[in-house]
2 protein chains.
Amino acid sequence: MPSPLVLSVDAMGGDHAPESIVDGAAHFLKGRQRPVRLILHGDEARIRPLLARHTALAEVCEIRHTDQTVSMDAKPSEAVRRARGSSMWNAVHAIKDGEAHVAISAGNTGALMAISKVILRMKSGVHRPAIAASWPVPQGFCTVLDVGANVDCAPEQLVEFAVLGESFHRAVHRVSRPSVGLLNVGQEELKGDQVVRDADTLLREAGLDMDYRGFIEGNDISAGTTDVVVTDGFTGNVALKTAEGTARLVGGWVREALTSSPLAKLGAALLSMGALKQLRARMDPNNVNGGVFLGLNGVVVKSHGGTDGPGFATALRIALEMADSHFLTEIEQNLARLEAVQAAAPQSGSEEEHA
Amino acid sequence: MPSPLVLSVDAMGGDHAPESIVDGAAHFLKGRQRPVRLILHGDEARIRPLLARHTALAEVCEIRHTDQTVSMDAKPSEAVRRARGSSMWNAVHAIKDGEAHVAISAGNTGALMAISKVILRMKSGVHRPAIAASWPVPQGFCTVLDVGANVDCAPEQLVEFAVLGESFHRAVHRVSRPSVGLLNVGQEELKGDQVVRDADTLLREAGLDMDYRGFIEGNDISAGTTDVVVTDGFTGNVALKTAEGTARLVGGWVREALTSSPLAKLGAALLSMGALKQLRARMDPNNVNGGVFLGLNGVVVKSHGGTDGPGFATALRIALEMADSHFLTEIEQNLARLEAVQAAAPQSGSEEEHA
């Protein structure tokens, strides 16, 4: 039997913590084969009673008490200064200390990113971390990054994202040679701004041994045209949230159609025997909850702040997949190639301009 | 009886022209109360036989022959030089000549934009045109702009888009005081790049007498949080196409659910008595086909190049609504206010940097 993977959990992060966190951990544990252990960081007096309801979970959990938390609306710079000893800080530090394989938090995104950078440091060859999201497509998932860590990106960063995203997709979604696309607009005249065009040139000419397919458009994401979709954090964040909003709108229309008349309700009742359940599950944003921070010396997973138990369970599953994968090895190999390329290529000198 | 509104149509633009264009015009005409006339620009030998099948349409149509067309993949700069006398050029020129109230084309977007700028010129106070899309929301439609004309935007341009979009929404969607939001990302740390932050300051302090609501996020678009959504053409184009892709993906899941088993099929058969038809109509991208060019001395509507007849009919309906509205008067009033503001505000000087 393999030794247990250890997940380090910020039990106080998120709008409904610690209840949603413990509930999520219990969901996550059900039917799991692979042995796991969880370290829950937070207020023992609040966590202990919640844990008492879940015997199986309590057996694999260890509580590390702290009464300090990072507030959901703290500014990252401020959070970092005050964060030492908080549940979020301790959750990330457990990776650095070699106690855990991966850290998970539903707390303040900016603070989590800042704390992770301070504690874990960037991997050599990566300038800024990216957040990767797994996005449902007809054949499974594609990987979209960055979805919010970097609002302005130089071309070299987009190349880093391509390298990080390709490693991530191979490790987590088990595609041996993931295809990579660069998100752009379609008009022939414009074909994107200079940053995207420069990144395209770099990716084509870099000799990264990557299945780079060139420009793709917004509709290609959900179509699954490429396994990895590279974009800056502003566009990626807007795209991700636009897709969530669209799925919710269409979901409302579907619900309306299914309850629009007695006959429709009868139809829906027949349907709901299974097909509708699957449909509902597919459209549930909880099932794609969990953005992974890439580029750090360690794996940190961010759950939506407003998540409930089942949503947090998804973030834990993603964290476990990451911990159980060869992601960190993958990425080191890819980064070595990238560093060689970066050394060879002239800098665009636009880093500051875009910062 | 009011005098007929005149629509000037590029009958040769689009992947399936002129068949889809004539077919779309026939669809458009059915059940219309308001008297209209259409001028069809293009190859008479090809258009005449198509028109012969539609007696009512033929009565209100006039064919203006030309055997020149603008190809779908021509570069805009090149297209402008060679476009004189083409069906697209003539369709736009009919507005300038006072023969028509609005022009419609399903041809090359970049070429149509370039030709429109050359023939109609920008309205005083507007630096670059924007493309506005009507986007379905629970309560009807919101207006999103720019969705592709300008990939890089200075803060002043985003303010122009707000003014153009507000006028458009009031004129076409008949909301007396449309609310306006600026698309951004949510992370507290980042809150967008400098351009978006500067635009936000300008909109707050400009005294435009506009119901400006500040930053919104991607999920707010389909939720209908504000009537008008302002963004640069890169982000707007990606968001629009991402939403189309997501609707298509979810549509596929719905279809799958409805045909997953004999029982599901029976349920779907009961449902389809009406509710499913409405659902299908709502999810049909044809029903939102038609981007409107704003900021020109005249109204030009762009249909998807790949549209079929019903889709082109939607673009014609949008064009008719624009022609029948007070949009051009609205916009002149708003632009006068904007000019006063621009004269008072210091230039950010970043126009070139972002161009």
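Keep in mind that this is a model prediction, so the values were computed, not measured.

Undergrad: Teacher, can you tell me more about the pairing of strand E7 (residues 179-183) of chain B here?
TA: Regular strands place their side chains on alternate faces of the sheet. All names here are of chain B. With five of five residues buried, E7 is to be regarded as a mostly interior element. Across the two faces of E7 the burial is the same, with Ser-179, Gly-181 and Leu-183 and Val-180 and Leu-182 all buried. Looking at chain direction, E7 and strand E8 (residues 211-216) are connected through four bridges and run parallel. Residue pairing for E8: Leu-182 is matched across the bridge by Phe-215. In terms of strand pairing, E7 meets strand E9 (residues 228-230) through three bridges, oriented parallel. Residue pairing in the sheet places Val-180 in a bridge with Val-228 of E9.

Undergrad: Where do I start with the sheet that holds strand E5 (residues 130-137) of chain A in this structure?
TA: Across a sheet, strands are paired by hydrogen bonds formed along the backbone, either parallel or antiparallel in direction. All names here are of chain A. Strand order in this open sheet of eleven strands is E3-E2-E1-E4-E11-E10-E5-E6-E9-E7-E8, and the pairing throughout is mixed. The strands lining the two open edges of the sheet, one partner per strand, are strand E3 (61-65) and strand E8 (211-216). Direction aside, neighbouring strands of the sheet carry axes that sit 25° apart on average. Most of the contacts of helix H2 (residues 44-52) go to E3, to which it runs at about 165°, and overall it touches strand E2 (36-42) and E3.

Undergrad: In this structure, what is going on with unusual backbone geometry? I would like to understand it.
TA: The bulk of non-glycine residues show a negative phi, and the bulk of peptide bonds are trans. In the segment running from Ala-17 of chain B into Pro-18 of chain B, the intervening peptide bond is cis, with an omega of 0°. Among the secondary structure elements, Pro-18 of chain B is positioned in the loop between strand E1 (5-10) and helix H1 (19-29). The omega angle of the peptide bond from Leu-145 of chain B to Asp-146 of chain B is 0°, so this bond is cis rather than trans. Among the structural elements, Asp-146 of chain B can be located in the loop between strand E6 (140-145) and helix H7 (155-173). For Asp-209 of chain A, which is not glycine, the phi dihedral falls at a positive 55°. With respect to the helices, strands and loops of the structure, Asp-209 of chain A is situated in the loop between helix H8 (194-205) and E8. Since its relative accessible area comes to 48%, Asp-209 of chain A is described here as partly exposed. Positive phi, close to 55°, is recorded for Arg-174 of chain B, a residue that is not glycine. Tracing the backbone through its elements, the reader meets Arg-174 of chain B in the loop between H7 and E7.

Undergrad: Where do I start with the sheet that holds E1 of chain B in this structure?
TA: Taken together, the eleven strands give an open sheet; going across it, the order is E3-E2-E1-E4-E11-E10-E5-E6-E9-E7-E8 (chain B), and neighbouring strands pair in mixed fashion. Two strands bound the open sheet, and with one partner strand each, they are strand E3 (61-65) and E8 of chain B. Recorded for the sheet is a direction-independent mean angle of 25° between the axes of neighbouring strands. Contacting strand E5 (130-137) and E7 of chain B, helix H10 (residues 233-258) of chain A crosses the sheet at an angle of about 40° to E5 of chain B. Together, strand E4 (102-105), E5, strand E10 (291-294) and strand E11 (299-302) of chain B form the strand contacts of helix H6 (residues 109-120) of chain B, whose direction differs from that of E11 of chain B by roughly 175°.

Undergrad: Help me understand the packing of aromatic side chains, please; the structure alone is not making it clear to me.
TA: How two aromatic rings sit relative to each other is given by the distance of their centres and the angle of their planes. Residue and element names in this part refer to chain A. For the structure shown, the criterion picks out two aromatic pairs over all chains. Between Phe-168 and Phe-327, the aromatic rings sit 6.2 Å apart at their centres with planes inclined by 80°, giving edge-to-face as the arrangement. Placement of the pair is Phe-168 in helix H7 (residues 155-173) and Phe-327 in helix H14 (residues 327-344), with a sequence separation of 159 residues. Of the two residues, Phe-168 and Phe-327, neither departs from the other in class, the shared state being buried.

Undergrad: Before we go on, may I ask you to explain the packing of H7 of chain A against H8 of chain A in this structure?
TA: Packed helices, taken two at a time, are described by the angle their axes make and the gap between the axes. Residues and elements named next belong to chain A. At a closest axis distance of 8 Å, the pairing of H7 and H8 adopts a crossing angle of 50°. With respect to H8, the axis of H7 lies oblique. H8 is crossed by H7, and the crossing has right-handed handedness. For the pair formed by H7 and H8, the contact residues are Pro-155, Glu-156, Leu-158, Val-159 and Ala-162 on the first element and Val-195, Asp-198, Ala-199, Leu-202 and Leu-203 on the second. Of the residues belonging to the contact of H7 with H8, the class tally is eight nonpolar, no polar and two charged.

Undergrad: Even after reading the chapter, I still don't get the pattern of salt bridges, so can you show me in this structure?
TA: Proximity of charged atoms lets side chains of opposite charge pair with each other. Residues and elements named next belong to chain A. Considering all chains together, one arrives at 26 salt bridges over all chains under this definition. For Glu-44, the salt bridge is made with Arg-48, and the minimal N-O distance between the two is 2.3 Å. Taken as a pair, Glu-44 and Arg-48 lie in helix H2 at a separation of four residues, close to a single helical turn. Assessed through its relative accessible area of 27%, Glu-44 is described here as partly exposed. Because the salt bridges share partners, they merge into one network encompassing Arg-37, Glu-62, Arg-64 and Glu-99.

Undergrad: Which parts of the structure should I look at to understand the nonpolar core?
TA: In a soluble, globular protein the nonpolar side chains are often hidden away together inside. Counting residues in each nonpolar core, the largest one holds 107 residues, and the members touching the most others are Leu-38, Ile-104, Ile-115, Leu-145, Leu-208, Val-230 and Leu-294 of chain A. Those residues in contact with Val-230 of chain A that lie beyond four places of it in its chain are Leu-145, Leu-158, Phe-161, Ala-162, Val-180, Gly-181, Leu-182 and Leu-183 of chain A. Membership of the second largest hydrophobic core comes to 106 residues, among which are Val-22, Ala-79, Phe-161 and Tyr-212 of chain B.

Cut-offs and rules
Residues numbered from 1 in each chain as written. Chains lettered and ligands numbered in written order. Predicted model: local features only at pLDDT ≥ 70, side-chain atom pairs only at ≥ 80, totals over all residues. Heavy atoms only, no water. Buried < 20%, exposed > 50% of the residue type's maximum accessible area, 1.4 Å probe, protein only. Helix = DSSP H or I, 4+ residues; strand = E, 2+ residues; numbered from the N terminus. Pairing = 2+ DSSP bridges. Axes fitted to C-alpha atoms, helices over the stretch in contact; angles between N-to-C directions. Contact = heavy atoms within 4.5 Å. Phe/Tyr/Trp six-rings, centres within 6.5 Å; stacked < 30°, edge-to-face > 60°. Parallel < 35°, antiparallel > 145°, perpendicular 65-115°, else oblique. Left-handed = near helix turned anticlockwise from the far one by under 90°. Nonpolar A, V, L, I, M, F, W, Y, C, P; charged D, E, K, R; others polar. Salt bridge = Lys/Arg side-chain N within 4 Å of Asp/Glu carboxyl O. Core = buried A, V, L, I, M, F, W, Y, C linked by side-chain atoms within 4.5 Å.

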